[in-house]
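Summary of the model geometry
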Amino acid sequence: MKYKLYASLDGLLAPETITKLTGESVKYVRCLPMEGGFSGSSLLRIEASGEKSARRFVLKRMALQDWIMDASNDQDCRSVTLWQSGLLDRLQPTIRHAILGCAYDGDEWALLMDDVGATLLPELPYSADQIYFLLDALATLHATFWEAPELTDSELGLCTSEGILQTFTPTTGRRFADVSSPIPKLLAKGWPLLQELVAPDVVDVLDRLYTDFQPLCKALARYPMTLVHSDFRGPNLGIAWQPSPQTILFDWQLAGYSAATIDLTWFYSTPNVLFSPVTLDDATEYYRQRLAEQLGMRFNHDWWQPLLALGQLVNVLRRACLKAHSAVHHADEANRIMDRKVLDIYSEQVRAAVQWL
């Protein structure tokens, strides 16, 4: 591994450690509470000050009790192992991961990151420029690690296709129904609603795959694999325009070795993109062109359509239960109507993907 872990949280947050990591003299360090931690992880805001300057950081603490770590079989904290290996550094300068150092005390992992709050995008529809910029970064991520054999190293502990799928299922929802995050409860409650909202042929396909993901995993394995972030969406993304344009991408908790289109379809299923001025067809085509440009002769047009269809199917399996719950229970009628339309799109995507299984 390229980077070493500190043996304790105190060691990571010591003034001399932060001085070493940043190259700026630090005399005092203060920890403050911070909201967040979707998976059950906890966040702290770190303020480090010296004689002439002050900086802020974010500390993320994670343990095996975090429901996403447990559900995705993350035994070694892949957010840490990816950073520790140095692989994330290959994405610079296009993509910045913002991690400065990590610690593990035998029970809990801690990631010290630059506070990139100023770069985060607002919870509004993205502009066309923002979408195309983020799609450029996504294509770079996938092209950089296209069929990279080092990603299969067991020390990295990356998610398999099955692990990515397993995290957002009705079974997982029931298993973690008592955690503080609302997501598992919505998954469990959304599945019976989904069965009422979509046609029986679609329910049958989804039910069979929720029971056994192997047909889908085997189909995905016929096509090239790459590093996928698996949660490429608003809360994990930022754009820094100065001193040079750069995408900020963090929270690699679900990072895996799988099909690139898993990231693509997850990204453009978020409200930031759905309600943007860029159509999904235009976003898909732009990404395809950018990926093809970067891969050159390694891009095979024959596998694009099945890879896209299978990526859409993965997205449906991960999102449909949540959408079904929202389509029935969202407080706003316009949102309920929109979510039902999305479920209609999902149904067509399921039917289109079946031929590739």
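Let me sum up the structure you'll find in this document. Model, not experiment: these values are computed from the prediction.

A short note on the side chain of Ser258
- Tracing the chain through its elements places Ser258 in strand 10 (residues 256-258).
- A polar atom in the side chain of Ser258 sits 2.6 Å from the side chain of Ser161.
- When near neighbours in sequence (up to four residues on either side) are disregarded, Ser258 contacts Ser161, Ile164, Leu220, Pro224, Met225, Thr226 and Val228.

Some details on the pairing of strand 6 (residues 109-114)
- When you tally the buried positions in strand 6, you get six out of six residues, the bulk of the element.
- With six bridges connecting them, strand 3 (residues 54-62) and strand 6 associate as antiparallel partners. Bridge pairing in strand 6 links Phe57 to Asp114.
- In the sheet, strand 5 (residues 99-104) pairs with strand 6 via five bridges, with the strands oriented antiparallel. Within strand 6, the residue paired with Ile99 across the bridge is Met113.
- With antiparallel pairing between neighbouring strands as the criterion, strand 5 and strand 6 make up a hairpin whose turn holds four residues, including Gly106 at a positive phi of roughly 100 degrees.

Things to note about unusual backbone geometry
- The step from Gln92 to Pro93 runs through a cis peptide bond, and the omega angle for that step is 5 degrees.
- Residue placement: Pro93 occurs in the loop between helix 4 (78-85) and strand 4 (95-96).
- With an omega of 0 degrees, the peptide bond running from Gln242 to Pro243 counts as cis.
- In this structure, Pro243 sits in the loop between strand 8 (237-240) and strand 9 (246-249).
- Look at Ala98: it is not a glycine, yet its phi comes out positive at around 75 degrees.
- Turning to its location among the elements, Ala98 is positioned in the loop between strand 4 and strand 5.
- Given the relative accessible area of 5%, Ala98 is considered buried.
- Even without being glycine, Glu147 reaches a positive phi, approximately 50 degrees.
- For Glu147, the position within the fold is in the loop between helix 5 (128-144) and helix 6 (161-166).
- Using a relative accessible area of 47% as the deciding quantity, one classes Glu147 as partly exposed.

Concerning the side chain of Thr172
- Within the element layout of this structure, Thr172 appears in helix 7 (residues 170-175).
- On the basis of relative accessible area, Thr172 is assigned to the buried category, the value being 3%.
- Those residues in contact with Thr172 that lie beyond four places of it in its chain are Trp67, Ala71, Gln166 and Thr167.

Observations concerning the environment of Lys323
- Take Lys323: it is sitting in helix 14 (residues 304-329).
- When its relative accessible area of 14% is taken as the criterion, Lys323 is described as buried.
- Residues Lys323 and Asp201 lie 122 residues apart in sequence; the distance between their C-alpha atoms is 18 Å.
- Ignoring sequence-local partners within four residues, the contact set of Lys323 consists of Asp339, Val342, Leu343 and Tyr346.

What about the sheet that holds strand 9?
- Taken together, the three strands give an open sheet; going across it, the order is 4-9-8, and neighbouring strands pair in mixed fashion. Looking at the sheet topology across the chains shown, the edges are occupied by strand 4 and strand 8.
- With four bridges connecting them, strand 8 and strand 9 associate as antiparallel partners. Within strand 9, the residue paired with Ile239 across the bridge is Thr247.

Notes on the pattern of salt bridges
- Evaluation of the coordinates by the stated rule reveals 20 salt bridges.
- Residues Arg78 and Asp74 are paired through a salt bridge, measuring 3.8 Å at the closest nitrogen-oxygen approach.
- Assessed through its relative accessible area of 1%, Arg78 is described here as buried.
- Residue Lys323 is joined to Asp339 by a salt bridge in which the shortest nitrogen-to-oxygen separation is 3.2 Å. Pair noted here: Lys323 is in helix 14 and Asp339 is in helix 15 (residues 333-353), with a separation of 16 residues, a long-range link. Accessibility assignment for this pair places Lys323 and Asp339 in one class, buried.
- When salt bridges with common partners are traced through the structure, they connect Glu24, Arg55, Arg96 and Asp114 into a single cluster.

What counts as what
- Residues numbered from 1 in each chain as written.
- Predicted model: local features only at pLDDT ≥ 70, side-chain atom pairs only at ≥ 80, totals over all residues.
- Heavy atoms only, no water.
- Helix = DSSP H or I, 4+ residues; strand = E, 2+ residues; numbered from the N terminus.
- Polar contact = N/O pair within 3.5 Å; in protein donor to acceptor, adjacent residues only side chain to side chain.
- Contact = heavy atoms within 4.5 Å.
- Buried < 20%, exposed > 50% of the residue type's maximum accessible area, 1.4 Å probe, protein only.
- Pairing = 2+ DSSP bridges.
- Salt bridge = Lys/Arg side-chain N within 4 Å of Asp/Glu carboxyl O.

Take it as geometry only, folks, not as evidence of what the structure does.
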